[in-house]
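# A closer look at the structure
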Amino acid sequence: MTASPSSTTSPSQPPRTIDVFLRYLKAEGVTVVFGIPGGLLYPFFAVIEADPEIELVMTKHEQGAAFMADGYARASRKLSVCAGTSGPGSTNLLTGVACAFADGVPMLVVTGQAASHVLGRGAAQETSREDMDIVAMFRPVTKYSAMVTSPESLARHLRRALRLALTGRPGPVHLNVPVDLWERPLDEAWFDPKTYRPPTHTFDRAAVQQAATALLAAKHPVLFAGAGVGTAAAEEHLRVLAELLPARVATTPRGKGLFPEDHPLSLGVMGFAGHAAARKTLLGSDVDLLFTVGTSLNETATLNWAPALRENRTFLQLDIDADRIGRNYPVDLPLVGDAQTILVEIVYQIHRSIREGARAASRWSIDERVERVHIQEALRDSTQTPVTPQRWRKDLEEALPDDAIVFSDIGGHMLSNIHYLTMRDRQRFFLNLGFGSMGHGTVAPIGAALSQARQPVIAIIGDACFTMNGMELVTAVEYGIPRLVWIVENNNMHGITFHAARQLNSGSLDCVRYSRPLDVAAIARAMGLATWVVDAPGQMQGALREALAASGPSLIEVRVDPNVSPPLGDRVKSISSFVES
Amino acid sequence: MSDANSTADYSLRILWSLARWIEDKKGRQALETIARDVGVRAEDFDGSTHWVSHAQFERILELGLEAAGSEEAFKAACSYRFKESYGAFRYMMWGLSQQQICEAAAKYQKVVTSVGRFEVLLSERTRFHARYFSDRPESRLLCQVRQVGWTIGPTIWGLPPIQLEELACIARGDPYCEYHLRWFERTNVLPPVAGGLLGGAAAFAAASLHASPSILLGALPLVGILAGLALELRRTGRVNLAFAREVNLVVRDLGQSEAETRAEIIALQDRQREWIRIMEQQVAERTNTLERVVQGLDGLQQARVSTLRGFSHDLRNPLFVLRGNTQFLREHVKGGPEAEALEDMETASIQIEQMLQRLLEVATQDSGGVKLTPKKVAIAALADTLRRRLRALVFGCEIKASVFCTREAPEEIEIDPVVLDRIVDNLLTNAAKYTLEGSIVLEITGTPGSAMSGGQGGVDYLTLKVSDTGRGMEPDQVEKVFRPRASSEGRSSDSWGIGLSSTVRLLAQIGGRLDVMSKPGLGTTFWAHLPTRSSSVRPPASSEENFESMVTHVVTVRKAENS
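Residues numbered from 1 in each chain as written. Chains lettered and ligands numbered in written order. Predicted model: local features only at pLDDT ≥ 70, side-chain atom pairs only at ≥ 80, totals over all residues. Heavy atoms only, no water.

### Considerations on the overall build of chain A
Going by this rule: Labels follow the DSSP assignment, with helices taken as runs of H or I lasting at least four residues and strands as runs of E lasting at least two, numbered in each case from the N terminus. The buried label goes to any residue with under 20% of its type's maximum accessible area, the exposed label to any with over 50%, and the partly exposed label to all in between, with areas taken from a 1.4 Å probe on protein chains only. By definition, residues are in contact when any of their heavy atoms lie within 4.5 Å.
Summing up its helical and strand segments, chain A has 22 helices and 18 strands in all. By the burial criterion, 62% of the 581 residues in chain A qualify as buried. In chain A, of all internal contacts separated by at least 6 residues, the share reaching a separation of at least 24 is 74%.

### Remarks on the confidence of the model for chain A
Put simply, the rule reads: Confidence scores per residue from the predictor, reported as pLDDT, run from 0 to 100.
Per-chain confidence: chain A averages 92 in pLDDT, with 96% of residues scoring 70 or above. Note on residues 1–9 of chain A: pLDDT is under 50 here. Beyond four places in sequence and across chains, it has 16 contacts.

### Let's talk about helix H3 (residues 62–76) of chain A
Residues and elements named next belong to chain A. Our working rule: Here, expected helix span is obtained from the residue count minus one, scaled by 1.5 Å.
With 15 residues, H3 extends 21 Å between its outermost C-alpha atoms, agreeing within 8% with the 21 Å of an ideal straight helix rising 1.5 Å per residue. Most of H3 sits out of view: 15 of its 15 residues are buried. A positive phi of about 55 degrees marks Arg77, the residue just after H3.

### Re the sheet that holds strand E8 (residues 248–251) of chain A
Residues and elements named next belong to chain A. So the rule is basically this: Between any two strands, at least two bridges found by DSSP are needed for them to pair. Angles here are taken between N-to-C directions and fall from 0 to 180 degrees, while the axes themselves are lines fitted to C-alpha atoms, restricted in helices to the stretch in contact.
The strand order across the open sheet formed by six strands is E9-E8-E7-E10-E11-E12, and the pairing between neighbours is parallel. Looking along the sheet, the strands with just one partner apiece sit at the ends: strand E9 (266–269) and strand E12 (333–336). Pairs of neighbouring strands in the sheet enclose a mean axial angle of 15 degrees, with direction left out of account. Pairing of strand E10 (residues 289–293) with strand E11 (residues 314–319), which is carried by five bridges, proceeds in the parallel orientation. Within E11, the position partnered with Leu290 by the bridge is Phe315.

### Structural notes on the interface of chain B and chain A
Note the threshold: Any Lys or Arg side-chain nitrogen located within 4 Å of an Asp or Glu carboxyl oxygen qualifies as a salt bridge. Polar contact criterion, stated in full: a pair of N or O atoms within 3.5 Å, where within protein one must be able to donate a hydrogen and the other to accept it, and residues adjacent in sequence count only if both atoms are side-chain atoms. Under the grouping applied here, Gly and all other residues not named as nonpolar or charged are polar, the nonpolar ones being Ala, Val, Leu, Ile, Met, Phe, Trp, Tyr, Cys and Pro and the charged ones Asp, Glu, Lys and Arg.
Listed as interface residues are 32 residues of chain B and, on the opposing side, 32 residues of chain A. The interface formed by chain B and chain A contains six salt bridges. Glu437 of chain B is the partner of Arg359 of chain A in a salt bridge, and the nearest nitrogen-oxygen pair spans 3.6 Å. On the surface where chain B and chain A come into contact, there are 17 residue pairs in polar contact (both at pLDDT 80 or more). Across the side of chain B that touches chain A, the residue classes break down as seven nonpolar, twelve polar and 13 charged.

### Here we look at the confidence of the model for chain B
Residues and elements named next belong to chain B. Mean pLDDT over chain B stands at 80; residues scoring 70 or higher make up 85%. Here residues 1–5 scores under 50 on pLDDT; set against residues more than four positions off or in separate chains, the count is five contacts. When the criterion is pLDDT under 50, residues 485–496 qualifies, and its contacts beyond four places in sequence or with other chains add up to 20 contacts. Predicted complex metrics record ipTM = 0.83 and pTM = 0.67.

### Digging into helix H7 (residues 151–166) of chain A
Helical geometry: 3.6 residues make up each α-helical turn, so side chains three or four residues apart lie on a common side. Residues and elements named next belong to chain A. Compared with the 22 Å implied by 1.5 Å per residue over 16 residues, the 23 Å span of H7 between its first and last C-alpha is a close match. Those residues of H7 not exposed but buried are Pro151, Ser153, Leu154, Ala155, His157, Leu158, Arg159, Ala161, Leu162 and Ala165. The first or second residue beyond H7 is Gly168, which carries a positive phi of 60 degrees.

### Topic: the packing of aromatic side chains
Under the convention used in this document: By convention, a stacked pair of Phe, Tyr or Trp rings (six-membered ring in the case of Trp) has centres within 6.5 Å and planes under 30 degrees apart, an edge-to-face pair has planes over 60 apart, and any other such pair is tilted. A ring has a charge above it when a Lys NZ or an Arg CZ is no more than 6 Å from the ring centre and no more than 35 degrees off the ring normal.
Taken as a whole, this structure holds 15 aromatic pairs over all chains when the rule is applied. Seen in terms of ring centroids, Phe44 of chain A and Trp182 of chain A are 5.1 Å apart; in terms of plane orientation they differ by 45 degrees. Their pairing is tilted. Here Trp182 of chain A lies in the loop between strand E6 (172–178) and helix H8 (193–196) and Phe44 of chain A lies in helix H2 (residues 42–50), a separation of 138 residues in the sequence. Accessibility assignment for this pair places Phe44 of chain A and Trp182 of chain A in one class, buried. With 5.4 Å between their ring centres and 65 degrees between their planes, Phe133 of chain B and Tyr176 of chain B make a pair best called edge-to-face. Here the residue Phe133 of chain B occupies a position in strand E4 (residues 127–134), and Tyr176 of chain B occupies one in the loop between strand E5 (163–168) and strand E6 (177–182), the gap between them amounting to 43 residues. On the accessibility criterion, Phe133 of chain B (22% relative accessible area) is partly exposed. Residue classification places Tyr176 of chain B among the buried positions, given a relative accessible area of 18%. By the ring-pair criterion, three or more aromatic residues cluster together here, those being Phe21, Phe44, Phe45 and Trp182 of chain A. Sitting above the plane of the Phe191 of chain A ring, Arg159 of chain A keeps its charged end 3.6 Å from the centroid. Residue placement shows Arg558 of chain B over the ring face of Trp527 of chain B; its charged tip is 3.7 Å from the ring centre.

### Digging into the nonpolar core
Under the convention used in this document: Definition of nonpolar core: a set of buried residues of the types Ala, Val, Leu, Ile, Met, Phe, Trp, Tyr and Cys, connected through side-chain atoms within 4.5 Å.
Formed by 51 residues in total, the largest nonpolar core has its most connected members in Phe34, Cys82, Trp486 and Leu555 of chain A. No other element matches the eight residues that H3 of chain A contributes to this core. Apart from the residues lying within four places of it in its own chain, the contact partners of Leu555 of chain A are Phe466, Leu473, Trp486, Val488, Val520, Ala521, Ala524, Leu529, Ala530, Thr531 and Trp532 of chain A. If you look at the next biggest cluster of nonpolar residues, it comprises 50 residues, including Trp21, Phe57, Leu142 and Cys177 of chain B.

### Observations concerning the packing of helix H13 (residues 379–393) of chain B against helix H14 (residues 417–434) of chain B
Geometrically, a packed helix pair is captured by the angle between its two axes and the distance between the axes. All names here are of chain B. Applicable threshold: Should the near helix be turned anticlockwise from the far one by less than a right angle, the crossing is termed left-handed; should it be turned clockwise, right-handed.
In contact at an axis separation of 10 Å, H13 and H14 are set at 35 degrees when each is read in the N-to-C sense. Regarding H13 and H14, the two cross each other, and that crossing is right-handed. Within the contact between the two elements, H13 uses Leu382, Leu386, Arg389, Leu390 and Leu393 and H14 uses Leu420, Asp421, Val424, Asp425, Leu428, Thr429 and Ala432. Class assignment of the residues belonging to the contact of H13 with H14 gives a composition of eight nonpolar, one polar and three charged.

### Looking at the pattern of salt bridges
When the charged atoms of two side chains with opposite charge come close together, those side chains can pair. Applying the stated criterion across every chain yields a total of 57 salt bridges over all chains. Among the salt bridges present, the one from Lys394 of chain A reaches Asp381 of chain A, with a minimum N-O distance of 2.3 Å. Of this pair, Lys394 of chain A sits in helix H14 (residues 389–399) while Asp381 of chain A sits in the loop between helix H13 (339–355) and H14, placing them 13 residues apart in sequence. For Arg387 of chain B, the salt bridge goes to Asp384 of chain B, with nearest N and O atoms at 3.2 Å. Within this pair, Arg387 of chain B and its partner Asp384 of chain B are both found in helix H13, separated by three residues, close to a single helical turn. Like Asp384 of chain B, Arg387 of chain B is buried. Residues joined by salt bridges that share partners form a network here, namely Arg20, Glu23, Arg28, Glu32, Arg41, Glu43, Asp44 and Asp46 of chain B.

### Some points on the pairing of strand E10 (residues 437–447) of chain B
Residue and element names in this part refer to chain B. Within E10, ten of the eleven residues are buried, leaving the element largely enclosed by the surrounding structure. Pairing geometry for strand E8 (residues 398–405) and E10, over eight bridges, is parallel. Bridge pairing in E10 places Ala401 opposite Ile440. Bridge count for E10 against strand E11 (residues 461–468) is eight bridges, and the pairing is antiparallel. Within the sheet, the bridge partner assigned to Thr445 lies in E11 and is Thr463.

### Focus: the side chain of His237 of chain A
Positionally, His237 of chain A belongs in helix H11 (residues 235–244). For His237 of chain A, the side chain forms a polar contact with the main-chain oxygen of Cys405 of chain B, separated by 2.3 Å. Beyond its immediate sequence surroundings of up to four residues, His237 of chain A is in contact with Gln340, Leu343 and Val344 of chain A together with Phe404, Cys405 and Thr406 of chain B.

### Some points on the packing of helix H9 (residues 205–217) of chain A against H13 of chain A
All names here are of chain A. Heads up, the rule is: If an angle is under 35 degrees, it is roughly parallel; if it is over 145, roughly antiparallel; if it lies from 65 to 115, roughly perpendicular; otherwise it is oblique.
Packing of H9 against H13 leaves a shortest axis separation of 9 Å and a crossing angle of 60 degrees. Considered as vectors, H9 and H13 are oriented oblique to each other. Crossing angle aside, the handedness with which H9 passes H13 is right-handed. For the pair H9 and H13, the contacting residues are Val208, Gln209, Ala211, Ala212, Leu215 and Leu216 in the first and Ile342, Glu345, Ile346, Gln349, Ile350 and Ser353 in the second. Of the residues that constitute the contact of H9 with H13, the class distribution is eight nonpolar, three polar and one charged.

### Some remarks on the pairing of strand E2 (residues 55–58) of chain A
Residues and elements named next belong to chain A. The test is simple: Whether a crossover is right-handed depends on one test, that the path from the first strand over the helix to the second runs clockwise when the strands point away from the viewer.
Pairing between strand E1 (residues 32–36) and E2: four bridges, direction parallel. Its bridge partner lying in E2, Phe34 is registered against Val57. Following the chain from E1 across H2 to the adjacent parallel E2, one finds a crossover that is right-handed.

### Structural notes on a nonpolar patch on the surface
Here is the rule: Patches here are clusters of residues that have more than 30% relative accessible area and form no salt bridge, with a 9 Å joining cutoff for like charges and a 5 Å cutoff for nonpolar side chains (Val, Leu, Ile, Met, Phe, Trp, Tyr). Reported accessibility uses the Shrake-Rupley method at a 1.4 Å probe radius. Residues are deemed covered only where the shown protein chains occlude them.
Together, Leu222, Ile225, Leu226, Leu229 and Leu233 of chain B line one region of the surface with nonpolar side chains, adding up to about 440 Å² of accessible area. Taking relative accessible area as the criterion, Ile225 of chain B reaches 36% and is therefore assigned partly exposed.

### Let's talk about the sheet that holds strand E15 (residues 457–462) of chain A
Hydrogen bonds between backbone atoms are what pair the strands of a sheet, whose relative direction is either parallel or antiparallel. Residue and element names in this part refer to chain A. Taken together, six strands build an open sheet; the order of strands is E14-E13-E15-E16-E18-E17 and the sheet is parallel. In this open sheet, the two strands that pair with only one neighbour each are strand E14 (428–430) and strand E17 (530–534). The sheet shows a mean angle of 20 degrees between the axes of neighbouring strands, direction not considered. The pairing of E15 with strand E16 (residues 484–490) spans six bridges and is classified as parallel. Within the sheet, the bridge partner assigned to Val457 lies in E16 and is Leu484. Lying on the sheet, helix H16 (residues 440–451) is in contact with strand E13 (405–408), E15 and E16; it crosses E15 at an angle near 170 degrees.

Following this line, the structure appears as structure tokens:
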């Protein structure tokens, strides 16, 4: 009770429902709420704006609010909050919430509702159960979706929502609150977060011992890391295990960078736009143990569920969600739980075994670097103008700060990001590949930059993503966020669609090319961003350094050769197999 | 020298080409003679911005003409090694058009003369018309020098010179010099006029012959004019086309050389990058070596301190004998010079004992006595540092080093970096020293204040758990390792060095704790708990007795696990 956050009302008055609500948010460490105020959520926003401990970030579109909250939670690994008023304000949030749900991002979504006593009578923007049931709309994309029907039930709903959002595999939760409830008095016993939200860092000791034994005995062990490693903040523990054995490590596209890609044991990315070393090793016959950590082994991570990934090897799968174990491949040894906890336990188990004289049988060596071979390697050194997507990324790596947070959006540029960028030790990489929504990588970085003020945030996006959600850059300008840089790869079209259509020979889809060049830098300048244009080799380094030194957000437009196809081979193959089957 | 001689009217830059010609063709001596004659130095012609008066300038021109011999040779001399005369400016001029160069030349006339100025009457894409006014009665020679300067411009690109038409000249009594410049061939009116006259004459002749004038004859002059015009247009067309071709060639060459330069720059950048990479590698190697040297020195220092402490401790025993005996004698000797001598001896031995005490303090305090200056240390960065340090310590050994943080670890800790360094160093060095093979795990975690026995429940602790697979210790050995005497008993390599007692002291100083668990043959685990906020700093212990109680206070021996 001593550390309870202050209430906005004076002690003599009984607290209002909104005060109790905010007290819970503050106890969970929430300091930012993203959203757009509207009539049926007005009391909520009014109190938050007046609260000195919580910043209200007013976005340009509710989808932006959800994306920003998503970016905030991904970068900080903490709960984020977004809100939209009833009706379109709520449905606009849906895509962003679905992104968070697909990728397991903890987020509290608050939506407005008409007053409780008029529900069912056709109030303006009413979305109650009798009508366009917004709670039902959110149910498939959240871990919990409910309407608060009385002040007394609010705390109960909220605690349940927070418990579900933050335990097990995290995810978004949704509460719909009628407008008249916020101001009502509510006198209720206070629950400290520790008392309603248990830590779920448990593990099965026998399974850990078996895993350690299997890892020690493996001659060619490979660790396959998914984004769950990032959610559990288990990057360094993965690395410790890899170096201890040593084991070679591949990541999924979404897990890119969770293991340093310049590390001698790194195989790079396996799957969608991945690297040859990862594909050949994981699908080859040498590997006798594959330990997947925090990956659901979906299509993009497994090259269309390649059967060779499972053949002739011991298969260990670690996931926080028991529901993902054995979904696509039969598992020899399942490990259900938090990746950090289990990896630490495995390391200690191995340490103990070494103490008793055991030695790791691994034949990999940390002194033997796995060579990275890229598709169209020559284009990385190309001196042509306009610059190739490969070359400017190589230039970018030179200037990319060691602690950069990199976001990728969805499209052709994403394939190049996955394939051609090398993420180093403390750099982080984010991508919403679970749901694959364009615009996420354009807007989520704003939330990330707000949560990690010390780290530079770089969003590498395409021109088509910019046209979808680019208006949200105005929000970044309004809040004057420094060290936030958008790099827009401009080829004047939806590159992935265009080039895939070419390769599939299924019509040219010429509609995805712009009929006139899109001047991204000029648009951004008009929004108030500092801008640079890069169109030749060797320019990116200087542009990025200057952009990072700018006092506010900035944008670098890269005019690339539109004829260079992104590395989309596997994706094209899997789409064509879907169409044929 | 007259007053006019001392004014700065013209810059000698104008005469750079002439001076080079004289120097190259007639020898440096000739240039020096001219310079001496005029009252300047020969070096002033070497592209400096030396200014001279009108009279001096005219004199130089006269002497230059004399040296050249003829007016034609003089003009040629004025354009000698023309490209170089512009220095680095010529690269900038590549980007300018003819018109821009003319305009720039008119505008920047003041750079080379303070008495003359241009007035531009007409500036077009194909021609340029300007007047030059001067405050001085300039000679014909000066005008010619100026004309050379104007006409020669395009030769920078290898093009034919500008065609200059002189319309007036100050030397001829006009109030100004007037030039009309064009770089395309001009259409001549002479051929059409001649054609017209010829046609007229023919018509006249035909009319006088036949005496019956017809319309056909009347048209003959017109036909003549048209024919003349056509011929003239054909001529100028050819000339200008040739000129345009030449321009194109030059532009293409420029483009090529620009592309080559670009490629060269990129190649240079690549080389620079490679060079930086190699440099970084070398720096890293050097740093590595230095770190080892520093470690060696550290070890040496520690050995010295422990020797020093051993000596000071050992010296106390004979001193006690001395003092005891002095006291014994003083009790028996009353008065007299013997008593005084004994008193002096006792004072001296007390002084020696105090000095030894100080020596012992200095030797065992390590960083004690130094004022602590706590700073905020980020744990993530600390983990990186420790990972590198432990790797360096076990480099080349059959030891796997693992360093990681857990989510219980605080984000940062407020501590004197030197103290943190010493504690960490001691723990890691110990672990590395007594582990010959196997693995060392350093876990950076946290312990809530409430969980520490006797803790106030306020300050949380950063816990460094160092677990090794070294030889381990017997329980009674564990008790001993913290006592500095244990190390002086056997100063061989297999004693637990001064490091641990120093760690205990430092931990006591900042209010930390140390847990230890060990089993022979299985290894040792240390938990060092450091408060995340620096609280009231305790005074460093100053005697052996205090140290004993300090060990009891700081160190907890945990029961070894049964495995």
